[in-house]
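Understanding the architecture of this molecule
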Amino acid sequence: MVLKQLLSRHAYLQKHSPVSTVGTVISKSAKCCWGNSLRRVARQCGKCFSTKIVLGIETSCDDTGAAVMDETGNILGEALHSQGEVHLKTGGIIPPVAQQLHQENIARIVQEALSASGVSVEDLSAVATTVMPGLALSLGVGLGYSLELVERHKKPFIPIHHMEAHALTIRVTNRVEFPFLVLLLSGGHCILAVARGVSDFLLLGQTLDIAPGDMLDKVARRLSLQQHPECSGLNGGKAIENMAQLGNKLCYEFKVPLERHLNCNFSFAGLQNNVNKVIMQKEKEEGLQKGQLLSCASDLASAVQHTVAVHIARQTHRAILFCVQNGILPQDNTTLVVSGGVACNQYFRKTLQIVTDATGFSLLCPPPRLCTDNGVMIAWNGIERLRAGLGVLYSTEGVRYEPKAPLGTDISEQVEKAAVRVPKLNLTV
């Protein structure tokens, strides 16, 4: 019923919404108008704001986020609308539904962020918006809204790469200097890269098939964890993490992916298939139909979580060794940053802590609320780009969203040729 109502409302909005979502182009405006915005110091309600203030807008997947930040990293105002509850009921993200919910909420969310900040649109130095990568229909909503906003108020526009924003979020809360190693874990991505500058990344490895968050969501659905009282209302990844705490990971042993490949890539599809086979076998043994809760669900969740953690930790260990051996990162005082929605998993963090302790790296993660998609990370990426003078557009003619977009310069072949062997570590948490 929920899905039917949303799809019908989606069809209506497609016909009547004033916001264009695909390939929107705005006319050129005089650069001097934007220059005034950059120089203006906003004074409102007795407050003196920083010279640079950016509005960030995020709609790459299923969260509508907006935030206003100044150049010192102060979050002046933020708002977020999560579609999680809707997508739990429909069994996954349905792009047209996500698009419609973004259309219904984006204006309100942006206004809430601006109102909370005490900053008017006229006081903004620029508007930053996620344009890549992500769901095409979702990206289109944020871009279309933003282009209309910057055209109306003559503001500079800063297109944002979603994964770049995740990588740099740590610089809001911690003093992290370039270069540093970053591991990005989410429902759509799994990336190891070196951040050498605001828009300067070396891609060491990435998932060859599906992302860890996607895999955990699918396993959680296959295990029907929503029926368990410990998991009601939780997304798949969090449900797996909660159930794993109740189980014994030693009851099942799954093969760690890519063990014989000396690179920094990831793979989760094969592991998911193996887990599904075990689930089917256990259902037969217990005389259960698909959709009924297995008595061993917690043990399976624990074993799956551990296998994913070991895979991620080993590839990250290889990335550290490769970067140090090749002078890409210094051996001392170097940081591993772990970000993205799946980085909220505490078991993964503890496993990675074992690796950083063994290699002399520091492990840093943004607070959980900044790991998942949000407007703050987009606003901050906008601030970083504005300060560095990178990708600030005074004309948005020809700006498009890109559902698929690589991060940085791909050196994964060099990593594989180096064939770095990783010493064994006890990764038991």
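In case you missed it, the structure is sitting above this.
Summary of the structure given here. A quick note: this is a predicted structure, and the numbers were derived from the prediction, not measured.

Another point: the environment of L234. Looking at the element boundaries, L234 is found in the loop between α8 (212-222) and α9 (236-244). Residues L234 and E85, spaced 149 residues apart in sequence, show a C-alpha to C-alpha distance of 8.5 Å. What L234 contacts, discounting residues up to four positions off in sequence, is L88, Q226, A239 and N242.

Pairing in this open sheet of six strands is mixed, and the strands run β12-β11-β8-β9-β10-β13 from one edge to the other. What marks the edges here is a single partner per strand, and that holds for β12 (362-364) and β13 (409-410). The pairing of strand β9 (residues 190-197) with strand β10 (residues 200-206) spans six bridges and is classified as antiparallel. The residue of β10 that forms the bridge with L192 is G205.

A few words now on the packing of helix α11 (residues 297-325) against helix α12 (residues 346-359). Running from amino to carboxyl end, α11 crosses α12 at an angle of 30°, the nearest separation of the two axes being 9 Å. By the angle between their axes, α11 is roughly parallel relative to α12. Like other packed secondary-structure pairs, α11 and α12 cross with a definite hand, here right-handed. Along the contact surface, α11 presents Q305, H306, V308, A309, I312, A313, T316, H317 and I320, while α12 presents Y347, F348, T351, L352, V355 and T359. Among the residues forming the contact of α11 with α12, the class breakdown is nine nonpolar, six polar and no charged.

Here the focus is the packing of α9 against α11. For the pair α9 and α11, the least separation of the axes is 7 Å and the interaxial angle reads 110°. Classified by the angle between their axes, α9 and α11 sit roughly perpendicular to one another. Helix-helix and strand crossings are classified by hand; for α9 and α11 the assignment is left-handed. On α11, the residues touching I240, E241, M243 and A244 of α9 are A297, S298, A301, S302 and Q305. Each residue belonging to the contact of α9 with α11 can be placed in one class, and the counts come to five nonpolar, three polar and one charged.

In space, the five strands of this open sheet follow the order β5-β4-β3-β6-β7, with mixed pairing throughout. Looking at strand neighbours, the two that pair on one side only are β5 (75-82) and β7 (157-161), the edges of this open sheet. If you compare each strand with its neighbour and ignore which way they point, the axes differ by 20° on average. Here strand β3 (residues 53-58) pairs with strand β6 (residues 126-132) via four bridges, running parallel. Across the sheet, residue G56 finds its bridge partner in β6, namely A128. Of the strands in this sheet, β3, β6 and β7 are in contact with helix α5 (residues 136-153), which crosses β6 at around 155°.

Here we take up the pairing of β10. Burial within β10 is extensive, with five of its seven residues counted as buried. Count of turn residues in the β9/β10 antiparallel hairpin: two residues. Looking at chain direction, β10 and β13 are connected through two bridges and run parallel. Each bridged residue has a counterpart across the sheet, and for L202 the counterpart in β13 is T409.

With 63 residues, the main nonpolar core has L181, L183, L204, M215, L225, V308 and V338 as its most contacted residues. When residues of this core are assigned to their parent elements, the largest contribution, 15 residues, is made by α11. Not counting the four nearest positions on each side in its chain, V308 is found in contact with M215, L216, F268, L271 and F348. Counting 34 residues, the second-largest nonpolar core is a separate cluster that includes L203, I378, W380 and V392.

What follows is about the side chain of N381. Along the chain, N381 turns up in helix α14 (residues 375-388). Leave out the neighbours within four places in its chain, and N381 touches I160, H161, E164, A165, L168 and V198.

Moving on to the pattern of salt bridges. For the coordinates displayed, the defined rule picks out 11 salt bridges. Residues joined by salt bridges that share partners form a network here, namely R171, E384 and R387.

This part covers the packing of aromatic side chains. For the coordinates displayed, the defined rule picks out two aromatic pairs. On the basis of an interplanar angle of 15° and a centroid distance of 5.6 Å, the ring pair of F178 and F180 is categorised as stacked. Residue class for F178 comes out partly exposed when judged on its relative accessible area of 25%. Where F266 meets F268, the ring centres are 6.4 Å apart and the plane angle is 5°; that geometry is what we call stacked. Owing to a relative accessible area of 0%, F266 belongs among the buried residues under this scheme. A residue is classified by how much of its surface remains accessible, and F268, at 0% relative accessible area, is buried.

The next point concerns α11. Taking 1.5 Å per residue, 29 residues should reach 42 Å; α11 reaches 42 Å between its end C-alpha atoms and fits that length. Buried residues dominate α11, accounting for 26 of its 29 residues. With its phi angle positive at about 70°, G327 sits one or two positions after the end of α11.

Parameters and conventions
- Residues numbered from 1 in each chain as written.
- Predicted model: local features only at pLDDT ≥ 70, side-chain atom pairs only at ≥ 80, totals over all residues.
- Heavy atoms only, no water.
- Helix = DSSP H or I, 4+ residues; strand = E, 2+ residues; numbered from the N terminus.
- Contact = heavy atoms within 4.5 Å.
- Pairing = 2+ DSSP bridges.
- Axes fitted to C-alpha atoms, helices over the stretch in contact; angles between N-to-C directions.
- Parallel < 35°, antiparallel > 145°, perpendicular 65-115°, else oblique.
- Left-handed = near helix turned anticlockwise from the far one by under 90°.
- Nonpolar A, V, L, I, M, F, W, Y, C, P; charged D, E, K, R; others polar.
- Buried < 20%, exposed > 50% of the residue type's maximum accessible area, 1.4 Å probe, protein only.
- Core = buried A, V, L, I, M, F, W, Y, C linked by side-chain atoms within 4.5 Å.
- Salt bridge = Lys/Arg side-chain N within 4 Å of Asp/Glu carboxyl O.
- Phe/Tyr/Trp six-rings, centres within 6.5 Å; stacked < 30°, edge-to-face > 60°.
- Expected span 1.5 Å × (residues − 1).

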